[in-house]
Amino acid sequence: MKFGGTSMAGTERIRRVAGIVKRQQEAGHEVAVVVSAMAGETDRLVNFCREANALYDRAEYDVVVAAGEQITSGLLALHLQALGCKARSWLGWQLPVRTDDAHAAARIEDITSDALLASMAAGEIAVIPGFQGLDPDGRVTTLGRGGSDTSAVAVAAAVQADRCDIYTDVDGVYTTDPRIVAKARKLKYVTYEEMLELASVGSKVLQTRSVSLAMKEGVRVQVLSSFIDESAPPADSIPGTMIVSDEELAKILEGTDMERQLITGIAADKNEAKVTLTRVADRPGAVAAIFGPLAEANINVDMIIQNIAKDKGETDVTFTCPQADLARTQALLEERKEQIGYYRMIADSKVAKVSVVGVGMRSHAGVAATMFKALADRGINIQAISTSEIKVSVLIDSDEVELAVRVLHTAYELDAA
Ligand code: ADP
Ligand code: ASP
Ligand code: MG
């Protein structure tokens, strides 16, 4: 079971979570619980780091931001004990949750589960802080924002859980963020592949890595609401959203009147920034000189546009990166200005990426055209485009993102009746 930040925000809510966990145990399950920091806490801690130094040391950042989860894991263990359950916390370094050394965006490599399994078998509820791990040098790491989902899936895989229930503040995965579009519809099932794509383009209901890990390890993941009644039945009978394989979904749909939609969901991401380097030399190695150092610094570049060179043998290169990495990106490229050979660097954080996702795209033409037309009809300008086999993304002005999502939701006939 995993509980997110809103579910863990304060004494009353943690007490409720303890009740939900206890009922699950009473229904005959051995339970491990992964918890997030209280809502807003990680943001608060990140801010302290920024205030200390805009280009902070990421290893020390991890020491600071991992603290939020330490608090909630201890508190949940206390609340469970108050309800008469046996419970204890297992911090990331205690299990340990081994990760690589990519501080602030570490990847889980292995979880030692022997002690955990023994304690669970003895009837003790294991409470594990999400988001944190231990690198090969014995230093604390964190997994990137939203990383508790990944901790939960990794723990589920390590203990070979029957299921990984992700309890959050909405009752499942919707066609788009239900907080933005009131007409969003809840999906009963989503395939791993579509969920992975949706997460990677900004549906923060699950962290991207949690979905790829679940897919790789075959973990059954369910997304459901933690805001349920004290007397609600255990999770086995609560209708959340199940993440399933493509074959499983085909089987489920067989013999029902449910049909697959062309587009499964729409996602928006306001956390991107756009960087343009003007008058870059149009020669082999120029782009490598830009993106090589960014890759080494673990900065994920997403959309890339290189204009065709005009007669001068120069070209503009535009790309997007996470806003959180913009300062580092600018610093790295500034340092290498001579080497790369560009004229000016222009950064713009007032952009957002809107994406439509669906496996139906593979066999249908015109999905992108529908998107471009729907946006054009509302006067929304497209600054960049990228596609994959099951996704089309556009970069637009961040002021227009809510409108764009609503317009597309209607254009692809996803609106709830
Ligand atoms: P938690 O703290 O439980 O991890 P998050 O805030 O990370 O919760 O994720 C849940 C939020 O994800 C919801 O409150 C909702 O606003 C947002 N969200 C974005 N896209 C979707 C979607 N397609 N379906 C459901 N929720 C979504
Ligand atoms: N607390 C961390 C964050 O806010 C991890 C998580 O909640 O998943 O990003
Ligand atoms: Mg989350």
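Everything that follows concerns the structure shown earlier in this document.
Residues numbered from 1 in each chain as written. Chains lettered and ligands numbered in written order. Predicted model: local features only at pLDDT ≥ 70, side-chain atom pairs only at ≥ 80, totals over all residues. Heavy atoms only, no water.

Draft legend 1. Just unusual backbone geometry, in detail. Residue Pro-96 follows Leu-95 across a cis peptide bond; omega there is -10°. Along the chain, Pro-96 turns up in the loop between β3 (87–89) and β4 (97–99). In the Ramachandran plot, Glu-413 falls in the positive-phi region, its phi being about 55° despite a non-glycine side chain. Mapped onto the elements of the fold, Glu-413 is located in the segment after α14 (401–411). Owing to a relative accessible area of 65%, Glu-413 belongs among the exposed residues under this scheme. (Helix = DSSP H or I, 4+ residues; strand = E, 2+ residues; numbered from the N terminus. Buried < 20%, exposed > 50% of the residue type's maximum accessible area, 1.4 Å probe, protein only.)

Draft legend 2. Structural detail: the site of ligand 1. Around ligand 1, a shell composed of 16 residues is seen, among which Thr-168, Asp-169, Tyr-174, Asp-177 and Arg-179 lie nearest. Within the side chain of Asp-169, one N or O atom sits 2.8 Å away from an oxygen atom of ligand 1. Here an oxygen atom of ligand 1 and a side-chain polar atom of Asp-177 are 2.8 Å apart. Taken together, the residues of the shell around ligand 1 break down into five nonpolar, six polar and five charged. (Near = heavy atom within 4 Å. Polar contact = N/O pair within 3.5 Å; in protein donor to acceptor, adjacent residues only side chain to side chain. Nonpolar A, V, L, I, M, F, W, Y, C, P; charged D, E, K, R; others polar.)

Draft legend 3. A look at the site of ligand 2. Inspection of the region around ligand 2 gives Ser-36, Thr-42, Glu-69, Phe-131, Arg-145, Gly-146, Gly-147 and Ser-148 as its neighbouring residues. Between ligand 2 and the protein, one listed contact pairs an oxygen atom with a backbone N or O atom of Gly-146 at 2.8 Å. Considering ligand 2 on its own, with 260 Å² of exposed area, one finds that the protein chains cover 86% of that surface. In terms of residue class, the shell around ligand 2 is built from one nonpolar, five polar and two charged. (Areas by Shrake-Rupley, 256 points an atom, 1.4 Å probe, with all protein chains shown as cover.)

Draft legend 4. Quick look at the pattern of salt bridges. This model, assessed by the stated rule, comprises 23 salt bridges. Its salt-bridge partner being Glu-26, residue Lys-22 comes within 3.7 Å of it at the nearest N-O pair. Of this pair, Lys-22 and Glu-26 both sit in helix α1 (residues 11–26), separated by four residues, roughly a single helical turn. One salt bridge in this structure joins Glu-389 and Arg-362, with 3.0 Å as the shortest N-O distance. Placement of Glu-389 in the loop between β19 (384–388) and β20 (391–397) and of Arg-362 in the loop between β18 (351–357) and α13 (367–377) is noted, with a sequence separation of 27 residues between them. Shared partners join several salt bridges into a network, and the residues in it are Glu-193, Arg-362 and Glu-389. (Salt bridge = Lys/Arg side-chain N within 4 Å of Asp/Glu carboxyl O.)

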